[in-house]
Amino acid sequence: MPKYLFITGGVVSSLGKGVASASIGRLLEARGLKITLQKMDPYINVDPGTMNPYQHGEVYVTDDGTETDLDLGHYERFTSVVTGRDNNVTTGKIYEAVIRKEREGAYLGSTVQVVPHITNEIKEALRRVSRGRSVDVVICEVGGTVGDIESLPFLEAIRQFKLEAGRGNAINIHLTLIPYLRAAGELKTKPTQHSVGKLREIGLQPEILLCRTEKPLSNKLKEKIALFCNVEEGAVIEARDVRDIYEIPIVFHTQGLDDLIIKFLELKVERGHDLKAWQEQVVRPALSPAHGPVKIAVVGKYIELQDAYKSIYEAIRHGGIANDCAVEIKRVESERLEAKEPAALLAQVDGILVPGGFGGRGIEGKIKAARFAREQGIPYFGICLGMQVAVIEFARNVAGLAKANSTEFEIGTPQPVISLLAQQRKVKVMGASMRLGAQPCQLRKGTLAHEAYRESKVQERHRHRYEFNGHYQQTFAKAGMVVSGYLPGRRLAEIVEVTGHPWFLGCQFHPELKSKPDRPHPLFRAFIGASLARAQKSGVRPEPLAASL
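Residues numbered from 1 in each chain as written. Predicted model: local features only at pLDDT ≥ 70, side-chain atom pairs only at ≥ 80, totals over all residues. Heavy atoms only, no water.

### Side note on the overall build of the protein
Using the following cut-off: Secondary structure elements are taken from DSSP: a helix is a run of H or I of four residues or more, a strand is a run of E of two residues or more, and numbering for both begins at the N terminus. Radius of gyration: over C-alpha atoms. The globule rule applied is 2.2 Å multiplied by the number of residues raised to the 0.38 power. When a residue's accessible area, from a 1.4 Å probe over protein chains only, is under 20% of the maximum for its type it is buried; when over 50% it is exposed; and in between it is partly exposed. Whether two residues are in contact is decided by their heavy atoms: any pair within 4.5 Å suffices. The method behind every accessible area is Shrake-Rupley, applied with a 1.4 Å probe, and residues are considered shielded solely by the protein chains displayed.
For the protein, the helix and strand inventory stands at 19 helices and 23 strands. For the protein, the C-alpha radius of gyration of 25 Å lies close to 24 Å, the compact-globule estimate for 549 residues. For the protein, the C-alpha atoms occupy an extent of roughly 75 × 65 × 45 Å along the three principal directions. Of all 549 residues assigned to the protein, the portion counted as buried reaches 58%. The contacts of the protein with a sequence gap of at least 6 include a subset with a gap of at least 24, amounting to 74%. Element-wise, carbon and sulfur atoms account for 49% of the exposed surface of the protein, whose accessible area totals about 22800 Å².

If you want it as structure tokens, here you go:
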């Protein structure tokens, strides 16, 4: 049986439980331990696939096609863990499983209740995530904040699980806030005391506290927190704000967090920490890049929310790390671009990226961005919908298909260059008509894609419904847009490129989902490399860009 490490949060949301969990995973892997991570989300949706990005942020897709919480992206970026269906548990999934069993008669006529039936199902999910794998430690993050009514069944299940597992087999790390009151010039521990008190009322005593703070914690303050929260003084860990999130594993290690976890879980570890490669390959180029800055415009319709394109922004940064250059991201609202000349918002940038999405809002602005990049020789990277708008733009303005569109935006378009496949058109269940998860892509030699990957066949993750219409492939090829990657067997277009352009590529899949800071995705590495070349060629740098528009 593996050991279990539960991570909870208190006082306020958005303290960074996901990054903390991922950083702890990195620390334990650096000590030679095999880990997996799991996220428990209290919402009643079965998964976030149909949720608005403004409410929940991006949907992260795993190799097996599961639509999951964005924190699984943190887990995969920081560690070697490959997540899947069992790594994300929601209230919706738990209740769905329990109700299905009740309808099948699995409970033999019992009255089905939160305790024990719901809590037993949660505990089974905890065991299932490591079943069939060689795992030393399961790191389980509980979403929400202690005290929220929807989190109670998960916390009760964890209380039972810790009791059943026994001393040394399961511990709780609680992430909490130490606010700084500027008027008083003091850090305040009372919110943390109340948060831990609420956790203890539920029956959970944390072994370790991670204290999120913007100011250093004095030894005297740590003593006070330890005394009132009933933890060892050495188990009060400062989680201070850092310049870059990839510093966090090193910050935690310098305070001995990995040693504490190993002690409390009674783990046998043969080797010491090994974070040298992380420091040299990730942290150093992230904090002190040799080149840049390279200015990248991300043109989307969920720009207001940082988490809506979380993996995109991180993958762009990974491309910067790979090229040892600083990257500045200019967030451009696609609807604003519809009402302006593209040069007003995009003239200063070195590269343009249009990410995925659904629906017609802001589409013409994205099409304008693709045209501006193509005509001005600016490196362009279109991802999923970003590829589709590039196809529409090229069809209208180069290939002679003036009325070209996607059937997603114009059902009766006479020139459907993007459309549903025939077998998808009768599907009515939301999500059932989508291509989801990892699928193969065959690359054509002598193309930008093949040059970036340096391989002939790759696996990439998908989350989309509409496809490039193969009937128009020859028309596009004659005009200068070629298919450089395709799905073997079905010959569906996976990657398109514009010939004679410095770097113009669109892909139907989501490469950002497989990018890591120490293993940047080849397409992001190549895109940022091309953008850096443009920036260096231009010589004179423009004024710094606004963070977003």
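### Some remarks on the side chain of R463
Test applied: Contacts described as polar in this section are N or O atom pairs within 3.5 Å, which, within protein, must combine one atom able to donate a hydrogen with one able to accept it, while residues neighboring in sequence count only if both atoms come from side chains.
Here R463 lies in strand β19 (residues 457–464). Within polar-contact distance, the side chain of R463 engages the backbone oxygen of G49 at 2.9 Å.

### Focus: the pairing of strand β23 (residues 504–507)
As a reminder of what qualifies: Should DSSP find at least two bridges between two strands, the strands are taken to pair.
Neither face of β23 is left uncovered, since the one carrying F504 and G506 and the one carrying L505 and C507 both have all their residues buried. In the sheet, strand β15 (residues 380–383) pairs with β23 via four bridges, with the strands oriented parallel. Residue pairing in the sheet places Y380 in a bridge with F504 of β23. Relative to β23, strand β22 (residues 492–498) is paired through three bridges, and the arrangement is antiparallel.

### So, the packing of aromatic side chains
Stated precisely, the cut-off is as follows: Centre distance within 6.5 Å is the pairing criterion for rings of Phe, Tyr and Trp, where only the six-membered ring of Trp is used; planes under 30 degrees apart are then read as stacked, over 60 as edge-to-face, and the remainder as tilted. Remark: a charge is flagged as sitting over a ring if the NZ atom of Lys or the CZ atom of Arg is within 6 Å of the ring centre and within 35 degrees of the ring normal.
In the structure shown here, the tally under the stated rule is 15 aromatic pairs. Centroid distance F78 to W278: 5.7 Å. Interplanar angle 35°. Geometry classified as tilted. One end of the pair, F78, is in helix α3 (residues 71–78); the other, W278, is in helix α11 (residues 276–287), with 200 residues separating them in the sequence. Just as F78 is buried, W278 falls in that class too. Clustering of aromatic rings is evident, with ring pairs tying together F381, W503, F524 and F527. Across from the ring centre of Y180, 5.0 Å away, lies the NZ or CZ of K215, which sits over that ring. Sitting over the ring of F264, K263 keeps its end group 4.8 Å from the ring centre.

### Quick word on empty space enclosed by the protein
The condition is simple: Think of a 1 Å grid over the protein atoms and nothing else: a 1.4 Å probe that fits but is trapped marks a cavity, an open set flanked by protein within 12 Å on at least five of seven lines marks a pocket, and residues with an atom within 4 Å of a point count as lining. Grid points are joined across faces, edges and corners, and a volume is the space filled by probe spheres set on the points. Nonpolar residues are Ala, Val, Leu, Ile, Met, Phe, Trp, Tyr, Cys and Pro. Charged residues are Asp, Glu, Lys and Arg, and all others, Gly as well, are polar.
Scanning the entire structure with this criterion turns up two cavities of 30 Å³ or more. Taken together, G357, F358, C384, L385, Q388, E408, H464, R465 and Y466 make up the full set of residues lining the largest cavity. Among the residues forming the lining of the largest cavity, the class breakdown is four nonpolar, three polar and two charged. In this model, the second largest cavity occupies a volume close to 30 Å³.

Don't take any of this as a statement about function, it's just geometry.
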